[in-house]
Amino acid sequence: MGTLNQVADGVWVRQSEWVWSNSVVVRGDDGLILIDPGINGSELDQLADAVDQLGVPVVAGFCTHPHWDHLLWHSRFGDVPRYATPAAAHVAGEARERAQAMAAESASGIPLDLVALITPLPADGAPVPGEIIEHQAHAVGHAAILLADRGVLLVGDMLSDVLIPLFDVRQDDQVGAYEKALDRLDEAARRVDVVVPGHGAVAVGPQVAARVASDRAYVDALRRGEEPVDARLGPHADWLYRPHRSNQEQARGR
């Protein structure tokens, strides 16, 4: 934990101690793109050190969705554009003060003035490489990035081995949204060998299909009104009890 690890050609991951959050560095045509960098200020500094050692300039940032822990930045990364899907960028702009307050409460040493300064990604995706897979599960405008030529799928807050699917209480029918998202991610995952979630361990080889199956089984159980049998739930993860119950209530239409 804490080091910058290469998981594929031109793709590096650094994991934070805060909820196993993954910062991703991707080499594009013109330089590096930092995806969801975080979390504490000291970790952002360490990430900047590691990026400097790559000897390639940072040309852009990208946030997979508009939750505070995915909207962070550091001045050492440079004054470059930071993108999200248009829907996510809109939400990030509207909720910037809330994101800053949550960052101040939940982490330390974060440059709050740089939180959530996001602009809509151009239609051609430049300069972010790969294919953007947008969906509405977990958050408005949530995006995964398929780097098919490198065999990597970056999935934001999906397909985690430590977090259950977490429904967005601000959107209706998250069960349906997750089912649609998982169908799209499953199709993309069949084209890669590596999946990098926003939180948790990087999935490699057979673990990729297993991640999709785990999220699908959880959502299917809620669709049927049953209690999921899920290794991510249990006494070791009592902090997930509240969001799990919230998921159940939303699935029941409450």
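Above this text is the structure in question.
Residues numbered from 1 in each chain as written. Predicted model: local features only at pLDDT ≥ 70, side-chain atom pairs only at ≥ 80, totals over all residues. Heavy atoms only, no water.

Moving on, we come to the nonpolar core. By size, the foremost hydrophobic cluster in this structure holds 30 residues, and its most contacted members are I133, L153, V155, M158, L159, L185 and V195. Secondary structure elements with two or more residues in this core: β9 (142-147), β10 (152-156), α4 (174-189) and α5 (206-224). Excluding anything up to four places from it in sequence, V155 contacts H142, A144, L185, V195, V196 and P197. Core analysis: the next-biggest nonpolar cluster, separate from the first, contains 19 residues, I35, A60, A143 and L154 among them. (Core = buried A, V, L, I, M, F, W, Y, C linked by side-chain atoms within 4.5 Å. Buried < 20%, exposed > 50% of the residue type's maximum accessible area, 1.4 Å probe, protein only. Helix = DSSP H or I, 4+ residues; strand = E, 2+ residues; numbered from the N terminus. Contact = heavy atoms within 4.5 Å.)

So, on to the pattern of salt bridges. Pairs can form between side chains of opposite charge once their charged atoms are near each other. Per the counting criterion, the structure on display carries 16 salt bridges. For R211, the salt bridge goes to D161, with nearest N and O atoms at 3.8 Å. Taken together, the positions of R211 in helix α5 and D161 in the loop between β10 and α4 put the pair 50 residues apart, joining distant regions of the chain. The salt bridge partner of R216 is D186, with a shortest N-O separation of 3.5 Å. Highlighted residues: R216 in helix α5 and D186 in helix α4, separated in sequence by 30 residues. Owing to a relative accessible area of 24%, R216 belongs among the partly exposed residues under this scheme. Salt bridges sharing common partners tie together D45, D49, D52 and R76. (Salt bridge = Lys/Arg side-chain N within 4 Å of Asp/Glu carboxyl O.)

Another aspect to go through is the packing of aromatic side chains. On inspection of all chains with the given rule, the structure shows four aromatic pairs. When the centroid spacing of 6.4 Å and the interplanar angle of 40° are considered together, the rings of W20 and W239 count as tilted. One end of the pair, W20, is in the loop between β2 (11-15) and β3 (22-27); the other, W239, is in the loop between α5 and α6 (241-251), with 219 residues separating them in the sequence. According to the relative accessible area criterion, W20 is partly exposed, its value standing at 34%. Residue class for W239 comes out partly exposed when judged on its relative accessible area of 41%. (Phe/Tyr/Trp six-rings, centres within 6.5 Å; stacked < 30°, edge-to-face > 60°.)

Reported here for the largest pocket is a volume of approximately 980 Å³. As for the largest pocket, its lining consists of 30 residues, of which H67, M102, H138, L166 and R170 are closest to the centre. Elements that contribute at least two residues to the lining of the largest pocket include exactly α2 (86-94), α3 (96-106) and α6. If one sorts the elements of the lining of the largest pocket by residue count, α6 sits on top with four residues. A per-class count over the lining of the largest pocket returns 19 nonpolar, five polar and six charged. (1 Å grid on protein atoms, 1.4 Å probe; cavity = no way out; pocket = protein on both sides within 12 Å on 5 of 7 lines; lining within 4 Å. Points joined across faces, edges and corners; volume = space filled by probe spheres on them. Nonpolar A, V, L, I, M, F, W, Y, C, P; charged D, E, K, R; others polar.)

So, about the sheet that holds β10. Note on sheets: strands pair through backbone hydrogen bonds, and any given pair is parallel or antiparallel. Ordered in space as β8-β9-β10-β11-β12, the five strands form an open sheet in which the pairing is mixed. Looking at the sheet topology across the chains shown, the edges are occupied by β8 (131-135) and β12 (203-204). Relative to strand β11 (residues 194-197), β10 runs parallel, the two sharing four bridges. By the bridge assignment, L153 is partnered in β11 with V195. Across the face of the sheet, α4 comes into contact with β8, β9 and β10 while running at roughly 160° to β8. (Pairing = 2+ DSSP bridges. Axes fitted to C-alpha atoms, helices over the stretch in contact; angles between N-to-C directions.)

This paragraph deals with the sheet that holds β2. Reading across the sheet, the seven strands line up as β1-β2-β3-β4-β5-β6-β7 and stay open at both edges, with mixed pairing between neighbours. The strands lining the two open edges of the sheet, one partner per strand, are β1 (4-8) and β7 (119-120). Of the strand pairs in this sheet, β2 and β3 are connected by five bridges, and their pairing is antiparallel. Each bridged residue has a counterpart across the sheet, and for V11 the counterpart in β3 is V26.

On the secondary structure map, G141 appears in the loop between β8 and β9. You can call G141 buried: its relative accessible area is 0%. Placed 60 residues apart in sequence, G141 and A201 show a C-alpha to C-alpha distance of 24 Å. Excluding its chain neighbours within four sequence positions, the residues that come into contact with G141 are T64, T85, A87, A88, E134, H135 and Q136.

All right, on to the side chain of Q174 then. As for its position among the elements, Q174 is in helix α4. If we skip the residues at most four places from it in the chain, Q174 touches Q136, A137, H138, F167, D168 and Q250.

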